[in-house]
Amino acid sequence: MAAPDPQQAADPAAVKRHPALFRAIRKRQNPRLRRTDITVTDDAAVKRAVKAASLGNAMEWFDFGIYSYLAVTIGHVFFPSGNDTTQLLSSFATFAVAFLVRPLGGMFFGPMGDKVGRKKVLALTMILMAVGTFAIGLIPSHDTIGVWAAVLLIFFRMLQGFSTGGEYGGASTFIAEYAPDKRRGFFGSFLEFGTLAGYVGAAGLVTALYALLNDAQMEAWGWRIPFLIAGPLGLVGLYLRLKLDETPAFQKLEGGTAHASEAADGVEATAKGDLAKIFRQYWPTLILCICLVGAYNITDYMLLSYMPTYLSDELGYSETHGLLILLAVMVFLMMLISQVGKLSDRFGRKPLLMTGMLGFLFLSLPAFLLIRIDGILPITIGMLMLGLSLVCMLGTMSAALPALFPTHVRYGSLSVGYNLSASIFGGTTPLVITALISWTGSNLMPAYYAMAAALVGVIAVACMKETAQQPLIGSPPSVETDEEAAELVQAQAPDPKF
């Protein structure tokens with residue numbers, strides 16, 4: 001947090017009597033930048049870090065996405081019942097269970113990331129996710145071991161959720177701390193590119209299985225294939241994460257050679273991951289983060305996780321039909337997302353986030369009215385309307401959220417805030433929407449739910465500060481070239497007096 005202005009804290013009469021003294025105090029608290037204070041990024045190292053973090057993120061979300069796309073089949077295998085809605089609710093309740101433990105994962109991995117390093121924590125989350133996903137593929141069905149099948153499914157879903165609790169906060173912090181200030185949006189967008197790539201891989205594999213196998217084969221053994229693939233994929237992800245270089249901020253904590261200002265040294269050397277301090281001192285920012293992430297996650301999971309189930313269970317289309325359309329929409333979003341990141345660097349995070357929130361607020365109902373019309377074209381147009389609104393948030397959020405918190409509490413605060421919100425709002429989205437449709441009989445409930453979330457998001461975006469092209473709080477400026485560094489120093493030099 002910024003130091004208070006001595007002129008504001010002191011008696012105005014004292015300031016008037018001793019102007020030179022208070023000018024000296026102010027200069028000491030806000031010293032001018034020196035050339036050595038400014039971090040000049042290594043372009044190759046930045047790209048290597050972004051690539052490794054994004055690819056690892058794609059592996060994580062491939063594992064996590066599989067479950068949502070196989071929800072109907074998993075409901076039949078693990079929750080036998082004469083009622084399809086009960087089966088689906090049970091399946092989505094198990095989906096939501098993973099999100100209940102995500103805050104615990106965030107509270108565990110966030111402070112650990114400040115103590116042992118970003119790289120080690122991201123490797124550990126990769127291992128836990130791969131083990132949890134692979135184990136689900138080995139669980140016997142309800143017909144074989146009865147209720148223990150559901151118990152084991154819930155346990156390994158909780159392991160998945162626990163590992164995911166350290167994923168987003170760590171990966172977004174990693175990229176944000178590496179990227180130059182003027183291109184943080186562009187580089188940050190690749191994290192969500194990885195998320196979409198993981199979902200596309202999961203949706204593509206499940207679509208192929210539904211096309212090649214009949215319902216009996218899928219329920220007997222076909223559903224296990226995507227989960228079992230997670231084992232070798234996890235080893236690939238682990239290799240990528242162990243190849244990561246630590247961020248300059250953490251290298252400085254270990255006594256490395258990364259450049260940082262003296263002020264940043266003092267801040268980062270005190271990084272203890274103190275959760276009580278986060279809740280006590282940063283609760284207003286934490287609430288803002290929760291509101292932003294809640295609005296973003298509800299719309300995200302509604303489109304990327306729940307939509308295939310909505311098309312098959314509520315509107316009567318085949319599983320393959322819904323997945324193919326969603327697959328096309330996600331590939332289209334992947335083509336746009338880095339451009340959205342560039343736009344957020346140029347015009348700011350707030351305009352892009354506000355565009356996405358207003359898009360869901362005003363376009364959700366027309367989009368779902370189109371989706372209800374029989375035919376591929378209206379469904380595709382409706383999903384594209386939602387997708388274009390979502391990509392404005394996807395391409396911007398991974399740069400906007402890390403900038404909310406100071407360096408010394410960034411990993412812990414973001415992990416706690418993001419996962420609390422994801423737990424309360426994101427993971428429960430399929431369950432809540434399915435229940436609302438069941439209670440009201442209206443299959444437009446997803447639109448109303450997204451509109452309510454977007455309204456909260458609009459208010460949250462209006463309350464946040466613009467952070468584009470600015471240094472992260474508690475960190476020195478980060479630029480791409482020595483020339484930019486020299487210009488920053490020169491800009492602070494006093495005008496000559498004649």
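Residues numbered from 1 in each chain as written. Predicted model: local features only at pLDDT ≥ 70, side-chain atom pairs only at ≥ 80, totals over all residues. Heavy atoms only, no water.

Caption draft 1: Inspection of the nonpolar core at higher detail. Ranked by internal contacts, the top residues of the largest apolar core, which has 118 residues, are Met-330, Met-383 and Leu-401. If you tally residues by element for this core, the top one is helix H18 (residues 283–314), at 16 residues. (Core = buried A, V, L, I, M, F, W, Y, C linked by side-chain atoms within 4.5 Å. Buried < 20%, exposed > 50% of the residue type's maximum accessible area, 1.4 Å probe, protein only. Helix = DSSP H or I, 4+ residues; strand = E, 2+ residues; numbered from the N terminus.)

Caption draft 2: Fine view of the pattern of salt bridges. Scanning all chains against the criterion turns up three salt bridges. Here Asp-181 and Arg-184 are joined by a salt bridge, their closest N and O atoms 2.5 Å apart. Judged by relative accessible area, Asp-181 falls into the buried class, the value being 5%. On the basis of relative accessible area, Arg-184 is assigned to the buried category, the value being 3%. The partner of Arg-349 in a salt bridge is Asp-345, and the shortest N-O contact between them spans 3.0 Å. Here the two residues Arg-349 and Asp-345 agree in accessibility, since each one is buried. (Salt bridge = Lys/Arg side-chain N within 4 Å of Asp/Glu carboxyl O.)

Caption draft 3: Structural detail: the packing of aromatic side chains. What the rule picks out here adds up to 13 aromatic pairs. Measuring from ring centre to ring centre gives 5.2 Å for Phe-186 and Phe-190, while their planes differ by 90°; the resulting arrangement is edge-to-face. With a gap of four residues between them, Phe-186 and Phe-190 both fall in helix H12 (residues 184–212), about one helical turn apart. Given a relative accessible area of 13%, Phe-186 falls into the buried group. Given a relative accessible area of 25%, Phe-190 falls into the partly exposed group. Cluster of aromatic residues (ring-pair linked, three or more members): Phe-186, Phe-187, Phe-190 and Phe-193. (Phe/Tyr/Trp six-rings, centres within 6.5 Å; stacked < 30°, edge-to-face > 60°.)

Caption draft 4: Layout of helix H11 (residues 167–178). With 12 residues, H11 should reach 16 Å at 1.5 Å per residue; the first-to-last C-alpha distance of 17 Å fits that figure. With 12 of its 12 residues buried, H11 lies for the most part within the structure. Inspection of H11 places Glu-167, Tyr-168, Gly-169, Gly-170, Ala-171, Ser-172, Thr-173, Phe-174, Ile-175, Ala-176, Glu-177 and Tyr-178 among the buried residues, and these make up the whole buried set. (Expected span 1.5 Å × (residues − 1).)

Caption draft 5: Looking closely at the packing of helix H4 (residues 43–69) against helix H8 (residues 118–136). As a packed pair, H4 and H8 sit with axes 10 Å apart at the nearest point and diverge in direction by 25°. Of the possible angle classes, the one that applies to H4 and H8 is roughly parallel. Between H4 and H8 the crossing geometry is left-handed. For the pair H4 and H8, contact is made by Gly-56, Met-59, Glu-60, Asp-63 and Phe-64 and by Thr-125, Met-126, Met-129, Ala-130 and Thr-133, respectively. Partitioned by chemical class, the residues of the contact of H4 with H8 number five nonpolar, three polar and two charged. (Axes fitted to C-alpha atoms, helices over the stretch in contact; angles between N-to-C directions. Parallel < 35°, antiparallel > 145°, perpendicular 65-115°, else oblique. Left-handed = near helix turned anticlockwise from the far one by under 90°. Contact = heavy atoms within 4.5 Å. Nonpolar A, V, L, I, M, F, W, Y, C, P; charged D, E, K, R; others polar.)

Caption draft 6: View of the state of the cysteines. Summed over all chains, the structure comprises zero disulfides. With no disulfide partner, Cys-291 has as its closest neighbouring cysteine sulfur the one in Cys-463, 8.5 Å distant. A residue is classified by how much of its surface remains accessible, and Cys-291, at 26% relative accessible area, is partly exposed. (Disulfide = S-S within 2.5 Å.)

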